[in-house]
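Remarks on the overall topology
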Protein chains: 4
Amino acid sequence: MANAKSNLLLERVRKISNEQYAGVQDVVLAYSGGLDSNVIGSLLEGIGIDVITVSIDMGQRAVHTKKPPFAKKHVNVDARKEFWECIKRGIKANCTHEGHFNSGGISRPVMARVLAEVAKKEGVEAIAHGSSGIGNDQLRMENSLRVLAPELRVLAPVRDWDLHRDEELDYVKQQKMDFDAKKMHKYSTDENMWARTVRQGVLVSEAQPPTDDMFEWTVDPSDAPAEKEYVEIQFENGMPVGICHIDENRKTVCETKDVLALLNKLGGRHGIGRVDAIDDKIVGLKTREIYECPGAIMLVAAHRDLERLTLTASELDVKKYIDHEWNKAVYYGGWHTRLRRYLDAFIDESQRVVDGKVILGMSRGSFWVVGRKSAHALYDARLGNRQTSGGAWDQKEARHFAKLYGLQDTIAYMIVD
Amino acid sequence: MANAKSNLLLERVRKISNEQYAGVQDVVLAYSGGLDSNVIGSLLEGIGIDVITVSIDMGQRAVHTKKPPFAKKHVNVDARKEFWECIKRGIKANCTHEGHFNSGGISRPVMARVLAEVAKKEGVEAIAHGSSGIGNDQLRMENSLRVLAPELRVLAPVRDWDLHRDEELDYVKQQKMDFDAKKMHKYSTDENMWARTVRQGVLVSEAQPPTDDMFEWTVDPSDAPAEKEYVEIQFENGMPVGICHIDENRKTVCETKDVLALLNKLGGRHGIGRVDAIDDKIVGLKTREIYECPGAIMLVAAHRDLERLTLTASELDVKKYIDHEWNKAVYYGGWHTRLRRYLDAFIDESQRVVDGKVILGMSRGSFWVVGRKSAHALYDARLGNRQTSGGAWDQKEARHFAKLYGLQDTIAYMIVD
Amino acid sequence: MANAKSNLLLERVRKISNEQYAGVQDVVLAYSGGLDSNVIGSLLEGIGIDVITVSIDMGQRAVHTKKPPFAKKHVNVDARKEFWECIKRGIKANCTHEGHFNSGGISRPVMARVLAEVAKKEGVEAIAHGSSGIGNDQLRMENSLRVLAPELRVLAPVRDWDLHRDEELDYVKQQKMDFDAKKMHKYSTDENMWARTVRQGVLVSEAQPPTDDMFEWTVDPSDAPAEKEYVEIQFENGMPVGICHIDENRKTVCETKDVLALLNKLGGRHGIGRVDAIDDKIVGLKTREIYECPGAIMLVAAHRDLERLTLTASELDVKKYIDHEWNKAVYYGGWHTRLRRYLDAFIDESQRVVDGKVILGMSRGSFWVVGRKSAHALYDARLGNRQTSGGAWDQKEARHFAKLYGLQDTIAYMIVD
Amino acid sequence: MANAKSNLLLERVRKISNEQYAGVQDVVLAYSGGLDSNVIGSLLEGIGIDVITVSIDMGQRAVHTKKPPFAKKHVNVDARKEFWECIKRGIKANCTHEGHFNSGGISRPVMARVLAEVAKKEGVEAIAHGSSGIGNDQLRMENSLRVLAPELRVLAPVRDWDLHRDEELDYVKQQKMDFDAKKMHKYSTDENMWARTVRQGVLVSEAQPPTDDMFEWTVDPSDAPAEKEYVEIQFENGMPVGICHIDENRKTVCETKDVLALLNKLGGRHGIGRVDAIDDKIVGLKTREIYECPGAIMLVAAHRDLERLTLTASELDVKKYIDHEWNKAVYYGGWHTRLRRYLDAFIDESQRVVDGKVILGMSRGSFWVVGRKSAHALYDARLGNRQTSGGAWDQKEARHFAKLYGLQDTIAYMIVD
């Protein structure tokens, strides 16, 4: 009876594929080793399509590097360096959207580029990805692939076949696939060096607290160590280029690479970076996702602080809009657009002065800016201080300024009252 | 020699005042009991102007209700209810600007209104306030007063006489004024029920960590209790109307007033709400200020979360701009403008669906959203879940959507490449 | 052979409809009397669906009020008053988007409401409209109907059956329908009291000049009379409430209704209001459309001028954004959204002072503002005039203002240079 | 008695200058040959300051190249090429602000740069300009000079001495200066190759029509020739690089320089480019100004049209904001700011595809786009045409798109109703 069910699924898949995937002989499949990519791969093979699986190292802790049985061939690609370049663009744009850190928006275009490259090298005519019809990943993958490999066909079997998680779980059981279905049952995850994302499962109730077993990068703030820890992050042109901290032997250690990895480790130890957000999907749904992203949250906060020190109020005002448009575009699949490039031209020009260092303190779930310093600071301690300003600044001159500033709006107010 | 110095100051003040304050007989003075208001009052009396001091209860812990010696009369006004109405407007606008909570922007207009009322009642022809020429308070007071009492003259002696803190401290010593100069020497503070602000002193160095003695509302996160605490905040029309929490006897207690006071108390106990921000002043300076505002930070976060649950992506997108304009206008002294009213018309209309409850957890310096619930939620657990969506939503339909969405931008991308 | 073709079309239509329109017994059809609505109606009848045609008077010059042969019943509805209310909302929002006047955006929601009402009254279960899959009208009709009559099914046969104009023209010939196919062949038009729109046909070439026979409301500017003509338009709360002009007997005539109709007549006589615009369609295409809209172009220009007289610079700045969002939302089918209502709340509040009169001159294709006057003007002739300002305004006070304004940005400029 | 008045003015000037201009020995004066610059120069000499006058050729029809009697030295500078570079930046930013073409915003920074250069070359320690305390020119000059020559002092005698036009006119009469006071009495003008500006005088009444004698570049539309004229403007990277038109001998003539001059000439002949606008001044006043700018109005319109052909809807949406911020910044004196540079980085990147040609027709006061063509057009005649699209585009696919697009907002609408 089990196999009957499994055959029914294969039948449905075959019927839809005859219509939509007609003529596809072989495919490159984005392979994470999770439920979706295993089921998709197996079903694609089941309907007679040759599958080449690709595992992409985006900095997640475990990369599935082994060829699965259904695959004709398996390819491993290390995309960490390329992804880090995208992350740095994100930091310059204060990478946030509706409370989260745009992890899917900046990671999927890199994965799409890798898939396109493998497909071209392998002479394959189609690419398959595991995005559903609910989320924005389908746009991020398909808009990127349309640009990067317009000659290739793109399949999204989860969406096109309308696969549900329960039938996928039945399928792996019936097919006796080498897959730990138990662990997967509760929720779905996505992970890269920027953030770990948890969705679905119990989280579909918006009022339900996340459960302890969802968190793998961060300890519960209550379990974090009592002593505070400090780091000093160096920025150049708006990008993190180094970090110093005091190690267990009370020695100051500085390094210039893996700033993000170190912040993830330290932040995780102090219970920093748990985010619970209601996201909007382009198809009109809202979903709830839990993120662990200690490095991301601290880098963006430090970067913002440095911008407030080095950019003028007018610059901050316009950049707030620019950042919002950048993150909106990227969130909805627009990494490979000219608009993103125009926005980056503004951002790059603005970041020429965003350098210096920011000191952060961390303790038991929270972090805070302790101080900041920049050669391009617009902050002059003597000027803003009535005690010491002396000759540099004459506050009496503000009298007429205050009289004229806002004059029109206050006159207008009285007209209508 | 001390008196000589003091006389020199009086001389300078008299000279400037002859020019700028000519003809002023009496004045209503905003009196906080701090250094500036004591020195100003004494100097105004010294040049022959009758002073009526006004203490305004804005929810600060200690209100100076006693007539100071230099005053002809003293008036106490309780403005807490009126201020709470402004705070609620602020919460609906997610009251933040460049990382802080706009405390001066929303409090000064209330104080200006009170001063105008007292001046009219007392038949006085001028109002004096303690704003310097550096900050934005001068605009908030003067723009408000120009609207509320255009017939009155407005004096800002700190700015107009260019008073420096060190000479003020000398003055109170020489005049043997009843004033604890020691405590004041380190920094200057401002306090109301929305936030406590610390500025000047050691803080003028942007890289210097704040010192422990600056904090009065909040404990150090490291000293906060180990156990977590939870509250459930109720909102109606975007405004907090009630709060429930579990008290020390493990009983759930709910109340509908003093939501802010309770959050300030609980948050303070857990070390929540310390903010260190670089602010922009309209005259072109940047200053650094430390805030304690546990209630403000949690109310705004809870409100934002509820908006993400109940407003559409398009509504959130435009409201982000509206909130920014609202806070910018209010920050730069525009409470009493027609523009603020137009923005509030948008905001009020948008808040009709922002109701429900948000549950917050607190622990050792951090707080987080645990869950949320609203009768107007646009979130439907069944729809966003591939496992259960069944008939309600057909993800296959997203295929053509994904094809068309972003089509123009990806075609355009290829044109220029 | 002709009938063979016609039968082939019917066959295609039947096949698609079995899939998509299964179970539909009767339908209310938006009937303009044009090619699309005649062909759709006939085909719907041909596949066995009862058709009730609805002609909606939106102020176009000719309304088809006769029941077509294929219809079971015909209904005429006068929606001019309701449409005028929408137009007034549009004028307050300076109704323009990418160079045109948003005619489809403000007219379709009214038509949708009429169709929904007729369908409910007639007990019909479906509504059919003639929008194609290319333009934004499909969104305007379907988004409106989803809100106004969620229980009804909505059919868009031109899109769903993929009807092409050439096969439609074949069809009417073969079916010997009472329809002047010759005239229709060149281009497609849409008309209401706000604008006449011409599209398709020769216009699909973006470089081709429009031909003379496209214009029906306006004379060629070269053929306009030599003498200038003037009108004075009265506004209240941002809406036109009256108009005065000098008639052929040199008498000043004023009227309070049909302001738009009179401006269309006068403007048309003077060759005003021809617009040639490249529009963006939501599906990612650009199309070219020619508009005739003399009243719209003059009302919006006069309204803008009055806003510049009565609103402050800050208000104009924010309202520019609000207008843009309003027009974008409406252009892409968002009339029946909460967002449009929030924006209208801002707009309505802002228009309380936008009253007074604007005098326009017209001559040979162009019009211009001659002068304007308002009781709420922020313009004071004495203040802005160095010759007469005298005591009212002391320009010397601007010295310190000029020193401080822009100070931060100029300091910042030097830092990076 | 006349001389008494003149002496009184000199007395006032001397008194203020002792205070504000103390120590200034010599000055470079921006010299237009108009009333203000002649009176200022004479008065500066009168109080013992050496004056070097500078005439700057910005493309105005007449440049005063003769040394005036009060000057120690006179310098002529041709800044047309430099100004044209700024104008091209302006065209890329669709150079408009509140209905006018930002002529002062883009011309004053060039003049400031020239003045700074002359001052440095001549070893002079101060620069004087004729801006009043009412307008924004004071900001444009002073913000630019603060950046370009921070070591120089900057004097604005009209503002600082509070000079009124009537006393200036008295002064030139009494001093028997070589100056045609009659012509000047009616209004004040400013002219460069981008626009001619008329202000003050009779124009201070907002309801008064401009008089015929105000116009010097353009004929009255009624007097324009009957026959239409056409031009084809070539753009590269968003900038005009050539123009073709049919000359009097019916020959097509093309040229690549002086596009602006030719458009000014042709437009002037056809009565195009008269603008009547209410402007906002930073000090809170509104003023009314009349512009003649046929070239500017046609170049910006042609550029906008080409952008609508070559940029995507998303790009147009964001660029609208960018252009607005650019023009606002420049209008209020921010040419020499980093913000303007960041905005220009966005703009430059966006203009890489804005090339091709736009054909304009002109006749009796009006002009219109006849057609446009670009190798980077996003417009494909076949795609947007239901008649011919055939296989390239399947409108049936829009069905699901239309269903999902706007879904959230329509669901939301029903929730609150």
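Because the structure is predicted, anything quoted here is derived from the model rather than measured. The written sequence of each chain sets the order in which its residues are numbered from 1. A letter from A marks each chain and a number from 1 marks each ligand, given out in the order of writing. In keeping with the model being predicted, local features are shown solely for residues with a pLDDT of at least 70 and side-chain atom pairs are shown and tallied solely at 80 or more, while totals for entire chains, interfaces and linings include all residues.

**Re the overall build of chain A**
The numbering of helices and of strands both runs from the N terminus, where a helix is a DSSP run of H or I of at least 4 residues and a strand a run of E of at least 2. In terms of regular secondary structure, chain A is built from 14 helices and 14 strands. Overall, the C-alpha framework of chain A stretches about 90 × 60 × 45 Å when taken along its three principal axes. Between the buried cut of 20 or more and the exposed cut of 12 or fewer other C-beta atoms within 10 Å of a residue's own C-beta lies the partly exposed class, and all C-beta atoms are placed from the backbone. Going through the 417 residues of chain A one by one, you find that 58% of them count as buried. Any pair of residues counts as being in contact when their C-beta atoms, constructed from backbone geometry, are within 7 Å of one another. Within chain A, contacts between residues at least 6 apart in sequence are counted, and of these 67% link residues at least 24 apart.

**Some remarks on the pairing of strand β14 (residues 366-373) of chain B**
Residue and element names in this part refer to chain B. Between any two strands, at least two bridges found by DSSP are needed for them to pair. Both strand β13 (residues 356-363) and β14 contribute to a ladder of seven bridges, which runs antiparallel. Among the inter-strand pairings, V358 is bridged to a residue of β14, identified as R372. Between β13 and the antiparallel strand that follows it, β14, lie two residues; R364 among them carries a positive phi value of about 40°.

**Let's talk about the relation of the copies chain A and chain B**
We place the copies in one frame by least squares, fitting the C-alpha atoms of every residue whose pLDDT is at least 70 in both. Superposing chain A onto chain B requires a rotation of 180° together with a translation of 0.0 Å along the rotation axis, leaving an RMSD of 0.0 Å. The superposition of one copy onto the other is thereby described by a two-fold rotation axis. Proximity to the rotation axis, assessed at the C-alpha, singles out A:S366 in chain A; its C-alpha lies 2.6 Å from the axis. Most of the interface of chain A is mirrored in chain B, where 100% of its interface residues again form contacts.

**Remarks on the environment of D:D180**
All names here are of chain D. One can find D180 in the loop between α7 (165-174) and α8 (181-185). Judged by local crowding, D180 falls into the exposed class, with 9 C-beta atoms found within 10 Å. The spatial distance from the C-alpha of D180 to the C-alpha of L169 is 9.9 Å, given a sequence separation of 11 residues.

**Details of the packing of helix α12 (residues 338-350) of chain A against helix α11 (residues 313-331) of chain D**
Think of each axis as a best-fit line through the C-alpha atoms, taken over the contacting stretch in the case of a helix, with angles from 0 to 180 degrees between the N-to-C directions. Contact geometry of α12(A) with α11(D) gives a least axis separation of 9 Å together with a crossing angle of 25°. As the angle between them shows, α12(A) and α11(D) are arranged roughly parallel. Across the interface between the two elements, A:R338, A:L339 and A:Y342 of α12(A) pack against D:S314, D:E315 and D:V318 of α11(D). Any residue that is not Ala, Val, Leu, Ile, Met, Phe, Trp, Tyr, Cys, Pro, Asp, Glu, Lys or Arg is counted as polar, Gly included; the first ten are nonpolar and the last four charged. Counted by class, the contact of α12(A) with α11(D) contains three nonpolar, one polar and two charged residues. Any angle between 65 and 115 degrees counts as roughly perpendicular, while under 35 counts as roughly parallel, over 145 as roughly antiparallel, and the rest as oblique.

**Quick notes on the interface of chain A and chain B**
Counting residues at the interface gives 84 residues for chain A, matched by 84 residues for chain B. In terms of residue count, strand β14 (residues 366-373) of chain A provides more of the side of chain A that touches chain B than any other element does, seven residues in total. Residues belonging to the side of chain A that touches chain B are distributed by class as follows: 33 nonpolar, 26 polar and 25 charged.

**Quick word on unusual backbone geometry**
Located in the positive-phi region is C:R364, a residue other than glycine, with phi close to 45°. Structurally, the position occupied by C:R364 is in the loop between β13 (356-363) and β14 (366-373). Even without glycine at this site, D:E98 takes up a positive phi of about 50°. Mapped onto the elements of the fold, D:E98 is located in the loop between α3 (80-92) and α4 (103-122).

**Section: the relation of the copies chain B and chain C**
Between the two copies, chain B and chain C, the superposition gives an RMSD of 0.0 Å; the rotation angle is 180° and the shift along the axis is 0.0 Å. Mapped onto chain C, 100% of the interface residues of chain B again fall at the interface, so both copies present the same surface.

**Things to note about the environment of B:V198**
Residues and elements named next belong to chain B. Tracing the chain through its elements places V198 in strand β7 (residues 196-199). Since 25 C-beta atoms lie within 10 Å of it, V198 is described here as buried. As for V198 and Y187, which are separated by 11 residues in sequence, their C-alpha atoms are 6.7 Å apart. For V198, the contacting residues outside a window of four places in its chain are Y187, T189, L203, M214, E289 and I290.

**Section: the sheet that holds strand β1 (residues 26-30) of chain A**
All names here are of chain A. The sheet built from five strands is open, its strands ordered β3-β2-β1-β4-β5 with parallel pairing. The strands lining the two open edges of the sheet, one partner per strand, are β3 (73-78) and β5 (153-155). Recorded for the sheet is a direction-independent mean angle of 25° between the axes of neighbouring strands. With three bridges connecting them, strand β4 (residues 126-128) and β5 associate as parallel partners. When the sheet's bridge partners are listed, A128 is paired in β5 with L155.

**Notes on the interface of chain B and chain C**
Taken residue by residue, the interface counts 19 residues in chain B and 19 residues in chain C. Going through the elements one at a time, α11 (313-331), α12 (338-350) and α14 (407-416) of chain B are the ones with two or more residues in the side of chain B that touches chain C. It is α12(B) that provides the largest number of residues to the side of chain B that touches chain C, a total of nine residues. In the side of chain B that touches chain C, the residues fall into 10 nonpolar, four polar and five charged.

**Some points on the sheet that holds strand β8 (residues 229-236) of chain C**
Residue and element names in this part refer to chain C. If you trace the five strands from one edge of the open sheet to the other, you get β10-β9-β8-β13-β14, paired in antiparallel fashion. Both outer strands of the open sheet, β10 (252-255) and β14, are each paired with one neighbouring strand and no more. Each strand axis lies, on average, 25° off the axis of its neighbour in the sheet, ignoring direction. As paired strands, strand β9 (residues 239-246) and β10 are joined by four bridges and run antiparallel to one another. Among the inter-strand pairings, H245 is bridged to a residue of β10, identified as V253.

**Examining the pairing of β13(B)**
As defined by bridge partners, strand β8 (residues 229-236) of chain B adjoins β13(B) across seven bridges and the pair is classed as antiparallel. Within the sheet, the bridge partner assigned to B:I233 lies in β13(B) and is B:V358.

**Thoughts on helix α5 (residues 137-148) of chain A**
Residue and element names in this part refer to chain A. Expected helix span is given by 1.5 Å per residue-to-residue step, counting one fewer step than there are residues. With 12 residues, α5 should reach 16 Å at 1.5 Å per residue; the first-to-last C-alpha distance of 16 Å fits that figure. In terms of burial, α5 is largely enclosed, as 12 of its 12 residues are buried. All of the buried residues along α5 are D137, Q138, L139, R140, M141, E142, N143, S144, L145, R146, V147 and L148.

**Quick word on the confidence of the model for chain A**
Residues and elements named next belong to chain A. The predicted model of chain A averages 90 in pLDDT, with 94% of residues at 70 or higher. Low pLDDT (under 50) marks residues 387-391, which in the prediction has seven contacts with non-local residues, meaning those over four places away or in another chain. Predicted as a complex, the structure gets a pTM of 0.95 and an ipTM equal to 0.93. For every residue, the predictor reports its confidence as pLDDT, a number between 0 and 100.

**Structural notes on the packing of helix α3 (residues 80-92) of chain A against helix α4 (residues 103-122) of chain A**
All names here are of chain A. Put simply, α3 and α4 touch, their axes get as near as 10 Å, and they point 150° apart. The orientation of α3 relative to α4 falls into the category roughly antiparallel. Between α3 and α4 lies a crossing whose hand is right-handed. When α3 is examined against α4, the residues E82, F83, C86, I87 and G90 are found in contact with a partner set consisting of I106, S107 and V110. Looking at the contact of α3 with α4, its residues break down into five nonpolar, two polar and one charged. Should the near helix be turned counterclockwise from the far one by less than a right angle, the crossing is left-handed, whereas a clockwise turn marks it as right-handed.

**Digging into helix α2 (residues 35-46) of chain D**
All names here are of chain D. Counted at 1.5 Å a residue, the expected span for α2 with its 12 residues is 16 Å, and the 16 Å between its end C-alpha atoms agrees. In terms of residue burial, α2 counts as a mostly covered element, since 10 of its 12 residues are buried. All buried positions along α2 are accounted for by L35, D36, S37, N38, V39, I40, G41, S42, L43 and L44. Remark: G48 follows α2 within two positions and exhibits a positive phi of approximately 90°.

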